[in-house]
Amino acid sequence: MQQTFPISDEELEALAKNSIDSVFSTMLDRSAVVKEVIKVDETSHSEGMQLPMDANTPMIAGTVGFLGNLTGIIYIFMELPLAMEATCKLLDMEESDIGAEDHELVNDAIGELTNMIVGTFKNDLSNKGYECRMTIPSILRGSNFSIEPAEVALRRIFKFDCDGRSFVIDVLMKEEN
Amino acid sequence: MRLKILTVDDSKTVRIIVKKSFKGFDCEITEAQNGVEGLAMAAKVNPDIILLDITMPVMDGVEMLTKLKSDPTLKSIPVIMLTAEAGRENVMKIAKIGVRDYIVKPFKEDVLVDKVSRVVDLRPAGEAAPVQKKIDDPIDILVVDDKPAIISQITEGFSHTPWNVKGVSSTGEAIDFCQKKLPDCIIISLSLAEDAAITLFRIIRSNAKTKYVPLFGLSVKTAVEEQARAQQAGFSTIIHKPIDFEELEAKIGKAVNLDASGKYFQMGEGYMTVKLPKSCNAAVVNEISTYLKVKTSEAVNAGIAKIIFDAQNVASLNMDVIKLLLHSMKTCRDLSLRYALTGNDVVIEESKKFEESKDWKFCDSLETAKASI
């Protein structure tokens, strides 16, 4: 059962864009643009849905939750080549220095990027009067991710493009009484 | 002594970024992955500053900070929080426990360096044990002036030296230059529009890399007001236009701590020659006096036992020079060194007018002086 949510779609898109802009420009010297916004609800996707990305491309998913007046979780699904490029830029390394098999370092870098993105998102919520605290980031790897419906007041999926590479932010939130 | 920085963060990425940020500075970075490791590492290495994350497993940053501040041996270590969480509640909580500053992720590396440099004395790598440059070594002088004629004049004025003069016309160009190459000295025109000289002074002084670079203000002597503003802002040296290059060279040499002894002292063939310059004012005499003891010791250690005081270029003899020579000759006698004086006609004539020097015997050339001792 969906509740009325106090943050509008426009505000939520602005929050998502700002958090990406802030982290990408500061840490990666890059920018990203919103290509698609998907409104997910239990009725429209009762059977689950594919991520709006190439199902065969290997991906890495970073996730951080937040708890407080607003409780939620944000997933960032990133194509692996973009994740590798971001890691190289963050750590000032070449791909050959990291190595395709060094999952730990790439996982850590994407975890930290997710932490920063969700942190910026959460800080903006804080400025709107919603105090919450963050959880520690976790990481998943895989391909052909499918999104299941969840019982939350609000869920939006934002697909971004960064120099021809895609990533997706999946935001799930509910207001705590 | 190397500055010790402890970075406490569960993210290896952040710890690598911290290390990368301070690569150009004289510091030693130690790492910890959580509050428990952080406290142990703080006790072990006694860092000069701690960069602390908030959200960590095992023990978070707030708990570590609380424990640190309640430990009498660790509580004085300054802490900067480096965190993705900037909620008002969090800020208030950690401010009460006592942090020196607060950096919200995402952050630029230079912001991190800047904040740390405001709390501890952060010096560029290699500065801890500097190799003193000599007066005839190349140094880089940045001139910030919107008048190309002044830049040309300064370039020309130092053309007899190996010093490299780079002229720029704006604050932005000056900052860009400093980011690429750290100059040894910066000369800023105080008449730049919109108080740009003062703004640039503050930017340079607040940046960890450039904060120790000597800054000279350049002004027309009569522009009293702009000079007063510059002095109030913190400019310690102001050079007047038209520029006296002899004076400017000496001031830069002193500010950059150049070893100027090579201008006056030469050694070879069993002799040390103390060559007095044409203009032997009080500042020059003082500079020579500063080096005299060290250079005489160097000569003795090198097996040199003969010294020539060469006053052939001196334009006019004065009491400062006479006192210098009296003192030098006494040092030679105390150390059983043999010495001789050379001088031109003016010097010889003027020496007769002073009681202290009326009996001095001058040779008319270095060869004669060498032959006489």
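Residues numbered from 1 in each chain as written. Chains lettered and ligands numbered in written order. Predicted model: local features only at pLDDT ≥ 70, side-chain atom pairs only at ≥ 80, totals over all residues. Heavy atoms only, no water.

As annotated in an unreviewed UniProt entry, chain B carries the name Response regulator and is attributed to Pelagicoccus enzymogenes.

Chain A appears in an unreviewed UniProt entry as Chemotaxis protein CheX from Pelagicoccus enzymogenes.

Quick question: what am I supposed to make of the overall build of chain B here?
Tallying secondary structure elements over chain B gives 14 helices and 15 strands in all. Looking at chain B residue by residue over its 373 residues, the buried ones come to 48%. Nonlocal contacts in chain B, meaning residues at least 24 apart in sequence, comprise 68% of its contacts between residues at least 6 apart. (Helix = DSSP H or I, 4+ residues; strand = E, 2+ residues; numbered from the N terminus. Buried < 20%, exposed > 50% of the residue type's maximum accessible area, 1.4 Å probe, protein only. Contact = heavy atoms within 4.5 Å.)

When you look at the sheet that holds strand 13 (residues 306-311) of chain B in this model, what are you seeing that I'm missing?
What links the strands of a sheet is backbone hydrogen bonding, and the strands pair in either a parallel or an antiparallel sense. All names here are of chain B. Spatial strand order, 11-12-13-14-15: five strands in an open sheet with mixed pairing. If you trace the sheet from one side to the other, it starts and ends with strand 11 (265-268) and strand 15 (362-363), each paired once. As defined by bridge partners, strand 14 (residues 338-343) adjoins strand 15 across two bridges and the pair is classed as parallel. The partner of T342 across the bridge, within strand 15, is C363. Packing of helix 11 (residues 282-301) onto the sheet brings it into contact with strand 11, strand 12 (271-275) and strand 13, and relative to strand 11 it is tilted by some 15°. (Pairing = 2+ DSSP bridges. Axes fitted to C-alpha atoms, helices over the stretch in contact; angles between N-to-C directions.)

I'm lost on the sheet that holds strand 6 (residues 140-144) of chain B in this one. Help?
Residue and element names in this part refer to chain B. The strand order 7-6-8-9-10 describes an open sheet built from five strands, whose pairing is parallel. The sheet terminates laterally at strand 7 (164-168) and strand 10 (237-241), the two strands that pair on one side only. In this sheet, adjacent strand axes meet at a mean angle of 25° when their direction is disregarded. Of the pairings in the sheet, the one linking strand 6 to strand 8 (residues 185-189) comprises four bridges and is parallel in character.

Explain the UniProt feature "transmembrane region" (unreviewed entry) in chain A to me, please; I cannot follow it from the model alone.
Per the UniProt record, "transmembrane region" (unreviewed entry) is found at residues 59-77 of chain A. With 0% helix and 95% strand, residues 59-77 of chain A has its two end C-alpha atoms placed 6 Å apart. (UniProt positions renumbered as here; feature names shortened; annotations may be inferred.)

Help me out: how do you make sense of the pattern of salt bridges in this one?
When the charged atoms of two side chains with opposite charge come close together, those side chains can pair. All names here are of chain B. Within this structure, the stated rule accounts for 32 salt bridges over all chains. Its salt-bridge partner being D334, residue K330 comes within 3.0 Å of it at the nearest N-O pair. In this pair, K330 and D334 are both assigned in helix 12 (residues 319-334), four residues apart and thus about one turn of the helix distant. Judged by relative accessible area, K330 falls into the partly exposed class, the value being 46%. (Salt bridge = Lys/Arg side-chain N within 4 Å of Asp/Glu carboxyl O.)

Just checking my understanding: could you explain the interface of chain B and chain A for this structure?
Much of the literature gives interface size as the accessible area that the parts lose upon coming together. Each partner contributes to the interface: chain B provides 23 residues, whereas chain A provides 26 residues. Taken together, both faces of the contact between chain B and chain A bury some 1900 Å²; the carbon and sulfur share is 58%. When the buried surface of chain B facing chain A is broken down by residue, T13, E85 and P106 of chain B rank first, second and third, together holding 27% of it. Put simply, chain B and chain A have two salt bridges between them. (Buried area = accessible area lost by both parts, 1.4 Å probe.)

So what exactly am I meant to see when it comes to the layout of surface pockets here?
Where empty space is left can be seen by rolling a probe of water-molecule size over the atoms. Residue and element names in this part refer to chain B. The calculated volume of the largest pocket comes to roughly 890 Å³. A250, K263, Y264, V284 and E287 are the residues nearest the centre of the largest pocket, which is lined by 33 residues in total. Counting only elements with at least two residues in the lining of the largest pocket, the list comes to helix 10 (245-255) and helix 11. Its residues placed into classes, the lining of the largest pocket shows eleven nonpolar, eleven polar and eleven charged. (1 Å grid on protein atoms, 1.4 Å probe; cavity = no way out; pocket = protein on both sides within 12 Å on 5 of 7 lines; lining within 4 Å. Points joined across faces, edges and corners; volume = space filled by probe spheres on them. Nonpolar A, V, L, I, M, F, W, Y, C, P; charged D, E, K, R; others polar.)

Please explain helix 9 (residues 224-233) of chain B as it appears in this structure.
Structural remark: α-helix, 3.6 residues per turn; residues separated by three or four positions point the same way. Residue and element names in this part refer to chain B. Residues of helix 9 that are buried: E226, Q227 and A230. The buried side chains of helix 9 occupy one side of the element, clustering within an arc of 100° when seen end-on. Within helix 9, the exposed residues directed more than 90 degrees away from the buried face are V224, E225, Q231 and Q232. Contact partners of the buried residues in helix 9: helix 8 (196-206), strand 9 (215-220) and strand 10. (Arc of directions from axis to C-beta.)

When you look at the environment of E94 of chain A in this model, what are you seeing that I'm missing?
Following the sequence through the fold, E94 of chain A ends up in the loop between helix 2 (80-91) and helix 3 (95-98). Here E94 of chain A falls in the exposed class, since its relative accessible area comes to 53%.

When you look at the environment of V171 of chain A in this model, what are you seeing that I'm missing?
All names here are of chain A. Here V171 shows up in strand 9 (residues 165-175). Residues V171 and G72, 99 residues apart in the sequence, show an inter-C-alpha distance of 7.5 Å. Ignoring sequence-local partners within four residues, the contact set of V171 consists of L12, I73, I74, F121, L154, R155, R156 and F158.

Please explain the side chain of N34 of chain B as it appears in this structure.
As for its position among the elements, N34 of chain B is in the loop between strand 2 (27-32) and helix 2 (35-45). Its relative accessible area of 9% is what places N34 of chain B among the buried residues.

Please clarify how the environment of D195 of chain B should be interpreted in this entry.
All names here are of chain B. Its place among the elements puts D195 in the loop between strand 8 and helix 8. Overall, D195 belongs to the partly exposed group, its relative accessible area being 33%. Sequence-wise, D195 and A230 are 35 residues apart; in three dimensions their C-alpha atoms are separated by 9.5 Å. In terms of polar contacts, D195 uses its side chain to reach the side chain of R229, at 3.2 Å. (Polar contact = N/O pair within 3.5 Å; in protein donor to acceptor, adjacent residues only side chain to side chain.)

What is the right way to read a negative patch on the surface from this model?
Together, D92, E94, E95 and D97 of chain A line one region of the surface with negative charge. As for its position among the elements, E95 of chain A is in helix 3. (Patch = residues over 30% accessible without salt bridge, like charges linked within 9 Å, V, L, I, M, F, W, Y side chains within 5 Å. Areas by Shrake-Rupley, 256 points an atom, 1.4 Å probe, with all protein chains shown as cover. Lys, Arg positive; Asp, Glu negative; His and termini not counted. Charge placed at Lys NZ, Arg CZ, Asp CG, Glu CD.)

Please clarify how the packing of aromatic side chains should be interpreted in this entry.
Counting across every chain of the model gives ten aromatic pairs over all chains. Pairing F66 of chain A with F121 of chain A gives two aromatic rings, centres 6.3 Å apart and planes at 40°, and the pair type is tilted. Of this pair, F66 of chain A sits in strand 3 (residues 59-68) while F121 of chain A sits in helix 4 (residues 103-127), and the two are 55 residues apart along the sequence. The exposure classification of F66 of chain A matches that of F121 of chain A, with both residues buried. Site record: aromatic cluster; members linked through ring pairs are F24, F160 and F167 of chain A. Cation over ring: R123 of chain B sits above Y212 of chain B, and NZ or CZ is 4.1 Å from the ring centre. (Phe/Tyr/Trp six-rings, centres within 6.5 Å; stacked < 30°, edge-to-face > 60°. Lys NZ or Arg CZ within 6 Å of the ring centre and 35° of its normal.)

I'm lost on the UniProt feature "modified residue: 4-aspartylphosphate" (unreviewed entry) in chain B in this one. Help?
The UniProt feature table records "modified residue: 4-aspartylphosphate" (unreviewed entry) at D53 of chain B. Since its relative accessible area comes to 2%, D53 of chain B is described here as buried.

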